[in-house]
Every structure is written in structure tokens, then in C-alpha cells.
Amino acid sequence: MINPVLLCGGSGTRLWPLSRKSFPKQFAHFLGQKSLFQQAAQRVSGSCFAEPLAVTGEGFRFIVAEQLEHCGLQASGILIEPESRNTAPAALAAALYLASKDPTTLILLVPADHAIQDSADFRDTILKGVPTATQGEIVTYGIQPTRAETGYGWLETSEETSPEIYSLSRFIEKPNCSLANTLLADDRYLWNAGIFLVRADILIDAFQKYAPDILNGTRAAMAAATTDLGFLRIDPTLWKKIRSASIDFAVMEHAQNISVVRFSGNWSDLGSWEAIWKASPQDNNGNALSGLTTLINCENSLLRSESEEIELVGIGLKNLVVVAMRDAVLVADLTDSQSVRQAVEILNNKGAKQAVQLPVDHRPWGWFETLILADRFQVKRIHVHPGASLSLQSHFHRSEHWIVVAGTAKVTVNEEVQLLTENQSVYIPLGSIHRMENPGKVPMVLIEVQTGSYLDEDDIIRYDDVYSRL
């Protein structure tokens, strides 16, 4: 049985404005009706795979659980990284967690933000590496290259040690254009997908040999981990002391027991808007469209409207990416979309909230979005999942007025509890202790009007919370 480990704690900025720190690309919908994380989880499910183990950040733990549930899966565990330390500590934490149950169990380290079209072919390719991994090799999966790609690392393979299994000669960092063309012309070279199949004890031994400081720090942080609502919280103080490093740099580039399986299917790490364009369905003129879009005389462009309120019109565009959201718009040359990360840094330095925060704020009970924000008042739309409950709370600086527009709300205001249905409302005076719940089986939606001198989210005192956010 293979134990998939979904590494999903990243906060990628290269696909801004749709991907932001508050809701990064692995949880967003770029291709199809499911997020990249959901697609990754489904690819490594089935008779040969155990339930996935997810490693993610504090702010995404409920998103992970919710998205898995929506695609009919359940995690064997969700490890919470207090902060990102790159892939080496995250992968090692998963290995230590699984090794505590069975040291020789097979783990499959899978980035949760890649696109792979043929899931069955991918699973078959993974299974080819099982005998070799069981014998103590670290198996990595190289992608058959289709172009002289300078944005990926590469693998150099050597002799075939068993049918369709090759020894790894070396890792190659992202090459320049000239070297990439040379690598493409030689069948020994593959793209590095960052996917590894290995026994838990073999991976731990590799860290002991090549990165003992990371092993010692991670082992201590895991030993001090605490359980919280079914999540495992890694100790934040000890975790912060661990050196940040990628698993390639920390271990894989030094290990001598690495084998390679070739994957010939369609794969992309979706590391830029150009990659999204290449992976998306296109019209006869090479245009990839999403949402409310209208084109006239456009070629080889990516246009996405991410709002039901925005009709995006392109006229005479060539080789451009245009992404329109309620609070931000990106316009860039398609081949220069790697510079998006630089733009986010500039926005951060300006203090622009659009750099990190989506208009929709996801919470464990549902989500909300701000419709209007002005001096001394704010209007929100709030969506509460069936059976979910907000915390029992109060505010120092604002009062609130709730109007139910769909479903049924159970509302507590001080000592009074009442049920409100569509078109009914309630007033929450400043300082009142209150709670909102959805007792029904369908989503509950309400409009909240806040008035007061200070309207930010940190004006809140929690007295009781089913999600342990006190």
C-alpha cells in the first residue's frame, strides 16, 4: 500500500491575482471544476493507495479537509506547519509521522499544485517504481520533455537497471536556453517533477546522512506536536529553528541510491500564467478564455474574468494574459508572466491588501466577501455551510445588522436565541455577545451591515469556538 503525502503548504505568488497568500494556487480552480489540490488527491487514490496525508499551513487546514470531503476523500492525517520551511522539513515530518506506525511503509511525496491530464497513466507509472522503492531505492519520476524548458530543473539518467527503471546520474538546476536545447536533444534527460516514492525509513536515513540538523530539528518538533480537532499541530517554537531547504537541495542531490521512472504523459507544474495558457483549451486563434469574456481579433492570449460582475472585453490582443477580479486586474505579456512575483513584492511594499488577501475570505464555517467598505460602514455577504457555526463573540467598535437571504439562521444575542428565515433580520448592538449558526441542511446566506468607528477583522473577542480559534 502506498501512502500519498500531499505537500500543500505553499503560498505561491506567480499566479497572482487568482493565487494569493490567503488562498494559494493549489486550492484555486485553474483547470476544470476541481482545485489543483483536489485533482492531485484524486490522482493518488484507488486500490493501491492509502488515504492521503496532507502537510499544510495553519490557515489552510480547514480548506484541506473541506476540499477532500467535496471530492469524496478523507485524509489519514493533516499535519499543520506553523510556518513554511520549504519541502525538506515538510516531507520529513510526514515520513516521521508514517514511520511511527510502520517504518518500512512506502510514501509518495506529491506536490499538490501540478496538472496531469491522464490520471490512470500517472498511477500506472507510479506503480512501476514500487518494487525498486521496496528494495530501498529512492524513486523519482522524470517527465519526458517536449520543449527546451528553462523554468524546470532536469534529471540526467544513465543505465537501465531493470525494465523502465534507470539510475540517476545527477540533478541539473534550471538551465539557460542553450543548455536546455542540448538536454532536449538527448534522450537521457528528463524534467524534474519533484515526485518521490520511498520507504519512510530510507528517507529518514537519507536525512540522517545528508541533513542531520534538519532531522534532529524536525524530530523534536514532531515529538512536541499536539492534536487539535483531528489535526496535528507541529510545535511552532521548535519548527522555527529548523533550516529552510528544499528536499532536492537537502537530500536528493547528495543521495546515491536514486532511480528514475520516466513519465511520458502531459504534465505541468503550472508555474506561470503562460503555463496555464498552454494547459487550457484554446480556440482556433490560440486564445484561452474563462468567465465572462468577449474577444475581437485576438491571438494567443489568456483572458479570465474571475467575477460574475465583470465582462472582460479584449480587442486586438496578441500574446497577452489578462486576469480581472473584483479588486485587482493583471495585464502582462504572456512570455513575461514570470515577473508577476516581482509585482506582488512591489504591492506588498506599498501595503496593498490585494497582494495577499482575496476579496473572498475563507473560514472553517464557510466564507464571506466585502461588498462595500466606506467610512464607518461595511456591507458583507456571508455564506455558512450546513451545520456550521461561527464563534460566540463580541466587538468593541461596531454594531451589526443581519438580513437572511437564503436558508435558516440560528442567532444568539446575549441571552436570546431565535431562528430567522429568508427576509428576516436582527440587530446586534455594540458589545453584545452573539453567535450565528446554520442548523439546516442547505447553505445559509445573509447580508451583514456593520457600522462603527473601526471595522477590521481583529475587533473580535471569542468566548467559545468549535474550531478552537480562541
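Numbers given for residues are sequential positions, taken from 1 along each chain in its written order. Only residues with pLDDT of at least 70 get local features here, since the model is predicted, and only at 80 or more are side-chain atom pairs given and counted; chain-wide, interface and lining totals rely on the full set of residues. Processing note: side-chain calculations cover all non-hydrogen atoms of the structure and skip hydrogens and water entirely.

### What about the packing of helix α1 (residues 36-43) against helix α2 (residues 61-70)?
Axis lines are fitted to C-alpha atoms, over the contacting stretch for helices. Their N-to-C directions set the angle, which ranges from 0 to 180 degrees. The secondary structure listing takes helices from DSSP runs of H or I that are at least 4 residues long and strands from runs of E that are at least 2 residues long, numbered from the N terminus. In contact at an axis separation of 10 Å, α1 and α2 are set at 60 degrees when each is read in the N-to-C sense. Between α1 and α2, the crossing angle belongs to the class labelled oblique. Pair α1 / α2 crosses with right-handed handedness. Counting all contacts with α1, which are made through F37, Q38 and A41, the residues of α2 involved are V64, Q67, L68 and H70. For this classification, under 35 degrees means roughly parallel, over 145 means roughly antiparallel, 65 to 115 means roughly perpendicular, and everything else is oblique. Crossings are sorted by hand: turned counterclockwise from the far helix by less than a right angle, the near helix makes the crossing left-handed, and turned clockwise it makes it right-handed. Contacts: residue pairs with any heavy atoms within 4.5 Å of one another.

### Some words on the environment of F37
Among the secondary structure elements, F37 is positioned in helix α1. As a C-alpha pair, F37 and D186 span 149 residues in sequence and 33 Å in three-dimensional space. Ignoring any residue separated from it by four or fewer positions in sequence, one finds F37 in contact with L6, C8, Q26, F27, V64, Q67, L68 and A112.

### A look at the UniProt feature "domain: Mannose-6-phosphate isomerase type II C-terminal" (unreviewed entry) in the protein chain
According to UniProt, the "domain: Mannose-6-phosphate isomerase type II C-terminal" (unreviewed entry) feature falls on residues 361-465. Secondary structure content for residues 361-465 is 0% helix and 60% strand, and the end C-alpha separation is 18 Å. UniProt positions are given in the numbering used here, feature names are shortened, and annotations may be inferred rather than shown by experiment.

### Looking at the pairing of strand β3 (residues 77-81)
Summarising burial for β3: five of the five residues are buried, a large majority. Neither face of β3 is exposed, since G77, L79 and E81 on one face and I78 and I80 on the opposite face are all buried. If DSSP finds at least two bridges between two strands, the strands pair. Summarising the sheet, strand β2 (residues 53-57) and β3 pair through five bridges and their orientation is parallel. If you follow G57 over to β3, its bridge partner there is E81. The handedness of a crossover follows from its direction of travel: if, with the strands pointing away from the viewer, the path from the first strand over the helix to the second runs clockwise, the crossover is right-handed. Following the backbone out of β2, through α2 and into the adjacent parallel β3, one traces a crossover that is right-handed. Two elements, β3 and strand β11 (residues 231-233), share two bridges in a ladder whose sense is parallel. Looking at the pairing, I80 lines up with R233 of β11. Partly exposed residues are those whose accessible area sits between 20% and 50% of the maximum for their type, while under 20% is buried and over 50% is exposed, using a 1.4 Å probe and protein chains only.

### Observations concerning helix α4 (residues 119-128)
All buried positions along α4 are accounted for by F122, T125 and I126. Along the long axis of α4, the arc covered by the buried residues comes to 105 degrees, so they all point the same way. N or O atoms within 3.5 Å of each other form a polar contact, as long as, within protein, one can give a hydrogen and the other can take it, and as long as residues adjacent in sequence are counted only when both atoms are side-chain atoms. Its side-chain oxygen placed 3.3 Å from the backbone nitrogen of A120, D118 serves as the N-cap of α4. What the arc describes is the spread of directions from the helix axis to the C-beta atoms.

### Details of the sheet that holds strand β14 (residues 288-290)
Strand order in the open sheet formed by four strands is β14-β16-β18-β19, and the pairing between neighbours is mixed. The strands lining the two open edges of the sheet, one partner per strand, are β14 and β19 (329-333). Here the average twist between neighbouring strands, direction ignored, is 5 degrees. By the bridge criterion, five bridges tie strand β18 (residues 320-324) to β19 in an arrangement that is antiparallel. Looking at β19, one finds that V323 is bridged to L330.

### As for the sheet that holds strand β22 (residues 377-384)
Ordered by their spatial adjacency, six strands build an open sheet running β20-β21-β22-β29-β24-β27, and the pairing between neighbours is antiparallel. Whereas interior strands pair on both sides, the edge strands pair on one side only; in this sheet they are β20 (360-363) and β27 (425-428). Here the average twist between neighbouring strands, direction ignored, is 20 degrees. As defined by bridge partners, β20 adjoins strand β21 (residues 366-374) across four bridges and the pair is classed as antiparallel. In the sheet register, R363 faces β21, and the bridge partner there is G366.

### Quick notes on the pattern of salt bridges
Each reported salt bridge corresponds to a side-chain nitrogen of Lys or Arg within 4 Å of a carboxyl oxygen of Asp or Glu. With the rule as written, the count across this model stands at 22 salt bridges. The partner of R262 in a salt bridge is D187, with the nearest N and O atoms 3.6 Å apart. Here D187 lies in the loop between α6 (177-184) and β9 (189-199) and R262 lies in strand β12 (residues 258-263), a separation of 75 residues in the sequence. Look at D187 and you get exposed, because its relative accessible area is 52%. Residues E306 and R304 are paired through a salt bridge, measuring 2.7 Å at the closest nitrogen-oxygen approach.

### Re the UniProt feature "domain: Nucleotidyl transferase" (unreviewed entry) in the protein chain
Taken from the UniProt record, the annotation "domain: Nucleotidyl transferase" (unreviewed entry) applies to residues 4-284. A distance of 39 Å separates the end C-alpha atoms of residues 4-284, which is 34% helix and 25% strand.

### Looking at the packing of aromatic side chains
What counts as a ring pair is set by centres within 6.5 Å for rings of Phe, Tyr and Trp (its six-membered ring), and what kind of pair is set by the plane angle: stacked under 30 degrees, edge-to-face over 60, tilted for all other angles. For the coordinates displayed, the defined rule picks out 11 aromatic pairs. Ring centres of F27 and F60 lie 5.5 Å apart, and the angle between their planes is 50 degrees; on these two criteria the pair is classed as tilted. Here the residue F27 occupies a position in the loop between β1 (2-7) and α1, and F60 occupies one in the loop between β2 and α2, the gap between them amounting to 33 residues. You can call F27 buried: its relative accessible area is 0%. F60 sits in the buried class, given a relative accessible area of 8%. Put simply, the rings of F23, F27, F37 and F60 touch in pairs and so form one group of aromatic residues. It is R61 that lies over the ring of F231; its NZ or CZ is 5.9 Å from the centre. Think of it as a cone above the ring: NZ of Lys or CZ of Arg counts as a charge over the ring if it is within 6 Å of the ring centre and within 35 degrees of the ring normal.

### Describing helix α3 (residues 87-99)
Helix span, as expected, comes to 1.5 Å for every residue beyond the first. The end-to-end C-alpha distance of α3, which contains 13 residues, comes to 18 Å, matching closely the 18 Å that a straight helix rising 1.5 Å per residue would cover. Here α3 lies mainly inside the structure; 12 of its 13 residues are buried. A88, P89, A90, A91, L92, A93, A94, A95, L96, Y97, L98 and A99 are the residues of α3 that are buried.

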